[in-house]
Amino acid sequence: MTYCVGMRLDAGLVFLSDSRTNAGVDHVGTFRKMSVFENPGDRTMVLMTAGNLSISQSIRQLVSDHVDAKGNSIWTAPNMYEAARILGEAVRTIHHRDAKSLSEFGIDFNVSLIFGGQIKGERCRLFQIYSAGNFIESHNENTYFQIGEAKYGKPILDRVVTPATPLDEAAKCALISMDSTLRSNISVGLPLDLLVYENNTLAITRFVTIDEKNQYFQMIRNTWGQQLKSVFESIDDPVWNASPEVQGNVLSATNMHSKPVRVAVPPELLDATITPSPLQALAQQSGSNKQA
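Residues numbered from 1 in each chain as written. Predicted model: local features only at pLDDT ≥ 70, side-chain atom pairs only at ≥ 80, totals over all residues. Heavy atoms only, no water.

An unreviewed UniProt entry lists the protein chain under the name Proteasome-type protease, from Undibacterium umbellatum.

Structure (structure tokens):
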């Protein structure tokens, strides 16, 4: 499995990917999932992939060489939309070639892509491309895309990232998102590839491969856990069955009428499950003595 996240911000783009392709007790694979298409001064584009590794590698190879009917390739496309369309065509070409034979072996055609960058003359753009070759584009209402094991790292992105988020702050948020995923899912693993692209540079200037020895990522892993625990402990515990006049941190109050949905005890078990009160026990004992 994998986890990749891409962000489109006012200041540029942030891309982060892990390198785990499968995980087991004795079978762990590592393949880099981020690829860069760069012609400095003209275009810089980044592709991240999740899903079947053989499919994603075939797509990357094909799109590197592909020329469409109009004579455009990813290297000559006039804008990022056309570059994304060419990538979608490559996905459909590989599907047409391989999907049926994969299906005969019980393997689904499973791939998802994040593709973003900038071509000279237009703004930065970010796309998510699906197995059918269709795609959507990021806008201000949705500034990021995730593929792979997305659920563990999503909450921090939703709370922090906006179009106005500075690039370094967004990179920090992406790393925290990745750390949350690494901690909760063994199918995501180090090393990581992090690329931060600043608007209009049209070249890669900030890129790093992060392993377990990386100083900054070690700090993130330690500090984030400690800060989460500190914030958690600073939140007051709930107040149960509070009087109506109590206002602070009330979870339930005596004037509330909340009741659980109760499942009825079977009649044949009802008498056996009721413990008699002391008075009932004394009466039962008195009756037994009289009978004796």
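From this point, the narrative continues.
(A) Representation of the overall build of the protein chain within the structure. Of the regular secondary structure elements, the protein chain holds seven helices and twelve strands. The buried share of the protein chain, taken over its 292 residues, is 40%. A sequence separation of at least 24 residues applies to 60% of the contacts in the protein chain between residues at least 6 apart. Accessible area for the protein chain stands at about 17100 Å²; split by element, carbon and sulfur atoms hold 53% of it. (Helix = DSSP H or I, 4+ residues; strand = E, 2+ residues; numbered from the N terminus. Buried < 20%, exposed > 50% of the residue type's maximum accessible area, 1.4 Å probe, protein only. Contact = heavy atoms within 4.5 Å. Areas by Shrake-Rupley, 256 points an atom, 1.4 Å probe, with all protein chains shown as cover.)

(B) Examining the packing of helix α1 (residues 53–65) against helix α2 (residues 80–104) more closely. Running from amino to carboxyl end, α1 crosses α2 at an angle of 135°, the nearest separation of the two axes being 9 Å. Between α1 and α2, the interaxial angle falls into the category oblique. In the packing of α1 onto α2, the handedness of the crossing is right-handed. Here α1 contributes Ile55, Ser58, Ile59, Leu62 and Val63 to the contact with α2, which in turn contributes Ile86, Leu87, Ala90, Val91, Thr93, Ile94, Arg97 and Leu102. Within the contact of α1 with α2, the residues separate by chemical class into ten nonpolar, two polar and one charged. (Axes fitted to C-alpha atoms, helices over the stretch in contact; angles between N-to-C directions. Parallel < 35°, antiparallel > 145°, perpendicular 65-115°, else oblique. Left-handed = near helix turned anticlockwise from the far one by under 90°. Nonpolar A, V, L, I, M, F, W, Y, C, P; charged D, E, K, R; others polar.)

(C) Fine view of α2. For α2, spanning 25 residues, the distance from its first C-alpha to its last is 36 Å, which sits close to the expected 36 Å at 1.5 Å a residue. Within α2, the axis deviates most sharply at Asp98, by approximately 45°. In this structure Asn79 caps α2, since a side-chain oxygen of it lies 3.2 Å from the backbone nitrogen of Tyr81. (Expected span 1.5 Å × (residues − 1). Bend = angle between axes of the 7 residues up to and from the residue. Polar contact = N/O pair within 3.5 Å; in protein donor to acceptor, adjacent residues only side chain to side chain.)

(D) Representation of the nonpolar core. With 26 residues, the main nonpolar core has Met7, Val14, Leu16, Leu157 and Leu194 as its most contacted residues. Elements that contribute at least two residues to this core include exactly β1 (3–9), β2 (12–17), α3 (154–160), α4 (167–184), β11 (192–198) and α5 (215–234). Of the residues forming this core, the biggest block, nine residues, is contributed by α4. Counting 25 residues, the second-largest nonpolar core is a separate cluster that includes Phe37, Val63, Ala77 and Phe127. (Core = buried A, V, L, I, M, F, W, Y, C linked by side-chain atoms within 4.5 Å.)

(E) Here's a closer look at the layout of surface pockets. Here the largest pocket is characterised by a volume of approximately 320 Å³. What lines the largest pocket is simply Tyr152, Pro155, Ile156, Arg159, Asp179, Ser180, Arg183, Arg221, Trp224, Gly225 and Leu228. Looking at which element gives the most residues to the lining of the largest pocket, the answer is α5, with four residues. Of the residues contributing to the lining of the largest pocket, the split by class is five nonpolar, two polar and four charged. (1 Å grid on protein atoms, 1.4 Å probe; cavity = no way out; pocket = protein on both sides within 12 Å on 5 of 7 lines; lining within 4 Å. Points joined across faces, edges and corners; volume = space filled by probe spheres on them.)

(F) Region of the structure containing the side chain of Thr2. Of note, Thr2 is situated in the segment before β1. On the accessibility criterion, Thr2 (2% relative accessible area) is buried. Side chain to side chain, Thr2 and Asp18 meet in a polar contact 2.5 Å long. A polar contact of 2.6 Å, which involves the side chain of Thr2, links it to the side chain of Lys33. Excluding residues within four positions of it along the chain, Thr2 makes contact with Asp18, Arg20, Lys33, Thr49, Ala50, Ile147, Gly148, Glu149, Ser187 and Val188.

(G) Summary view of the sheet that holds strand β5 (residues 34–39). The strand order β5-β6-β7-β8-β9 describes an open sheet built from five strands, whose pairing is antiparallel. Taken across any chain shown, the strands that pair with only one partner, and hence form the sheet edges, are β5 and β9 (135–137). Direction aside, neighbouring strands of the sheet carry axes that sit 15° apart on average. Across six bridges, the pairing between β5 and strand β6 (residues 43–51) is antiparallel. In the strand pairing of β6, Glu38 is matched with Thr44. (Pairing = 2+ DSSP bridges.)

(H) Looking closely at the environment of Asn39. One can find Asn39 in strand β5. Along the primary structure Asn39 and Ala203 are separated by 164 residues, whereas in three dimensions their C-alpha atoms are 7.5 Å apart. Excluding residues within four positions of it along the chain, Asn39 makes contact with Trp75 and Leu202.

(I) Looking closely at the pairing of β2. Burial analysis of β2 places six of its six residues in the buried class, the great majority of the element. Relative to β2, β1 is paired through six bridges, and the arrangement is antiparallel. In the sheet register, Met7 faces β2, and the bridge partner there is Val14. Where β1 folds back on β2, the antiparallel hairpin that results is connected by two residues. With six bridges joining them, β2 and β11 adopt antiparallel strand pairing.

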